[in-house]
Amino acid sequence: MKGKTQLPQAIEQQAAFWLPVCPVHLIADRDTLVLAPTAGLGLALSEAEGLIASFNRHFAEEGYCLYAVSERDWFLGSQQ
């Protein structure tokens, strides 16, 4: 898959299914949420890894895990 980000094989084997996901910024606006462009987040890889570690601790019992290939290329893994 030329031009597509892929998981390392060792990571890919940790879950049965992987979905590409990306970080987003939701802005509360009175009675709605506004989805801000991800390009403006300025998220560093170390920050992404911190967010992912928190997500993985919270959802470990449900069988979900996140993995970051880069600041903006994330994957959600599940056994189901």
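Residues numbered from 1 in each chain as written. Predicted model: local features only at pLDDT ≥ 70, side-chain atom pairs only at ≥ 80, totals over all residues. Heavy atoms only, no water.

Q: Would you explain the overall build of the chain in this entry?
A: Looking only at helices and strands, the chain has two helices and five strands in total. For the chain, the C-alpha atoms occupy an extent of roughly 40 × 35 × 20 Å along the three principal directions. Counting across all 80 residues of the chain, residues that qualify as buried make up 20%. Accessible surface for the chain amounts to roughly 6100 Å². Of this, 55% is attributable to carbon and sulfur atoms. Averaging the locations of the 5 positively and 9 negatively charged side chains of the chain gives two centres separated by 9 Å. (Helix = DSSP H or I, 4+ residues; strand = E, 2+ residues; numbered from the N terminus. Buried < 20%, exposed > 50% of the residue type's maximum accessible area, 1.4 Å probe, protein only. Areas by Shrake-Rupley, 256 points an atom, 1.4 Å probe, with all protein chains shown as cover. Lys, Arg positive; Asp, Glu negative; His and termini not counted. Charge placed at Lys NZ, Arg CZ, Asp CG, Glu CD.)

Q: Please explain the packing of aromatic side chains as it appears in this structure.
A: Centre distance and the angle of the planes are the two values used to describe a pair of aromatic rings. On inspection of all chains with the given rule, the structure shows one aromatic pair. With centroids separated by 4.5 Å and ring planes inclined at 35°, the aromatic side chains of Phe 55 and Phe 59 adopt a geometry described as tilted. Residue Phe 55 and its partner Phe 59 are both found in helix α2 (residues 45–59); the two are separated by four residues, about one turn of the helix. (Phe/Tyr/Trp six-rings, centres within 6.5 Å; stacked < 30°, edge-to-face > 60°.)

Q: Explain the pairing of strand β5 (residues 74–78) here, please?
A: Across a regular strand the side chains alternate sides, sitting on one face of the sheet and then on the other. A large share of β5 lies buried, amounting to four of its five residues. Hairpin remark: strand β4 (residues 64–68) followed by β5, antiparallel, with five residues in the connecting loop. (Pairing = 2+ DSSP bridges.)

Q: Please clarify how the nonpolar core should be interpreted in this entry.
A: If you look at the biggest cluster of nonpolar residues, it comprises six residues: Leu 7, Ile 11, Ala 15, Trp 18, Cys 65 and Phe 75. Those residues in contact with Trp 18 that lie beyond four places of it in its chain are Leu 7, Ile 11, Glu 12, Cys 65, Tyr 67, Phe 75, Leu 76 and Gly 77. Of all hydrophobic cores here, the second largest spans five residues; its members include Ala 48, Leu 66, Ala 68 and Trp 74. (Core = buried A, V, L, I, M, F, W, Y, C linked by side-chain atoms within 4.5 Å. Contact = heavy atoms within 4.5 Å.)

Q: Help me understand the sheet that holds β4, please; the structure alone is not making it clear to me.
A: The strands making up a sheet associate through backbone hydrogen bonding, with each pair oriented either parallel or antiparallel. Pairing within the open sheet is antiparallel, and its three strands lie in the order β1-β5-β4. Both outer strands of the open sheet, β1 (17–21) and β4, are each paired with one neighbouring strand and no more. Averaged over all adjacent pairs, the angle separating strand axes in this sheet is 25°, with direction ignored. Here β4 pairs with β5 via five bridges, running antiparallel. By the bridge assignment, Tyr 64 is partnered in β5 with Ser 78. Running at roughly 170° to β4, α2 makes contact with β4 and β5 of the sheet. (Axes fitted to C-alpha atoms, helices over the stretch in contact; angles between N-to-C directions.)

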